[in-house]
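Report on the structure
As a plain string of letters, each chain reads:
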Amino acid sequence: MAMSITPEKPVLIHPLWLRLTHWLNALAMLIMVTSGWRIYNASPLFNFSFINELTLGGWLGGALQWHFAGMWLFGINGLCYLLINLFSGRLKRKFWPLSPKALLSDLLAALRGKLGHSDLRHYNMVQRAAYLFVMVAGVVMVMSGLVLWKSVQFPLLRELLGGYEAARYIHFYAMSALVGFVVVHLVMVALVPRTLLAMLRGR
């Protein structure tokens, strides 16, 4: 009597909640960064401005409205992501332990193009450090953004960040860090296209 062989079920790499928060975060960052560049152009911190065609809002008032809309999406979605990671234990499972020696080894391997990605369920040390860094940068961006938005309502936070003007610089640097992360992230996706498929379909 022939035995039937049941095909193995594909291994889930990213659960649905992670994929949803990932793509919502991508949308929120696109809105906030492009509208933020338009806001920056109205009162530059440095001796340059962003190309208007790359900005969102059309004018300062419109950019502010887009920025506030993106702010709520970024803040609520980011909070959901952090809380689920924390209470599900995923934060500890995926991102710890973080070893400086192993991080250096993986970084050197990545620079030589020899860092393996055979199992997308497990993050290497470079990925762990990068994702933890971007979480911190996101929190800093939200905190400094609150000072810029409601400076009077958050006096303690304003003082902790060194005042309103200092918060503007911190906000800009946090944004730059996130944009830099996105650029590197996109390069890595181009090098390992399977990561994009996994984030789209979960497997």
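Residues numbered from 1 in each chain as written. Predicted model: local features only at pLDDT ≥ 70, side-chain atom pairs only at ≥ 80, totals over all residues. Heavy atoms only, no water.

Now for the UniProt feature "transmembrane region" (unreviewed entry) in the chain. Under the UniProt annotation, "transmembrane region" (unreviewed entry) lies at residues 20–40, 64–84, 129–149 and 169–193. Helix makes up 100% of residues 64–84 and strand 0%, and the two end C-alpha atoms of the span are 30 Å apart. Span residues 169–193 is 92% helix and 0% strand, its end C-alpha atoms 35 Å apart. (UniProt positions renumbered as here; feature names shortened; annotations may be inferred. Helix = DSSP H or I, 4+ residues; strand = E, 2+ residues; numbered from the N terminus.)

What follows deals with the packing of aromatic side chains. Aromatic ring pairs are described here by two measures, namely the spacing of the ring centres and the angle between the planes. Scanning the model with the defined rule gives 18 aromatic pairs in all. Taking 6.1 Å as the distance between ring centres and 75 degrees as the angle between the ring planes, the aromatic pair formed by F172 and Y173 counts as edge-to-face. Overall, the relative accessible area of 12% leaves F172 in the buried class. The exposure class assigned to Y173 is partly exposed, which follows from its relative accessible area of 48%. Taken together through their ring pairs, the aromatic side chains of W37, Y40, F46, F48, F50, Y169, F172 and Y173 make up a single cluster. Cation over ring: K94 sits above Y123, and NZ or CZ is 5.3 Å from the ring centre. The ring of W149 has K150 sitting right over it, with the charged end atom 5.2 Å from the ring centre. (Phe/Tyr/Trp six-rings, centres within 6.5 Å; stacked < 30°, edge-to-face > 60°. Buried < 20%, exposed > 50% of the residue type's maximum accessible area, 1.4 Å probe, protein only. Lys NZ or Arg CZ within 6 Å of the ring centre and 35° of its normal.)

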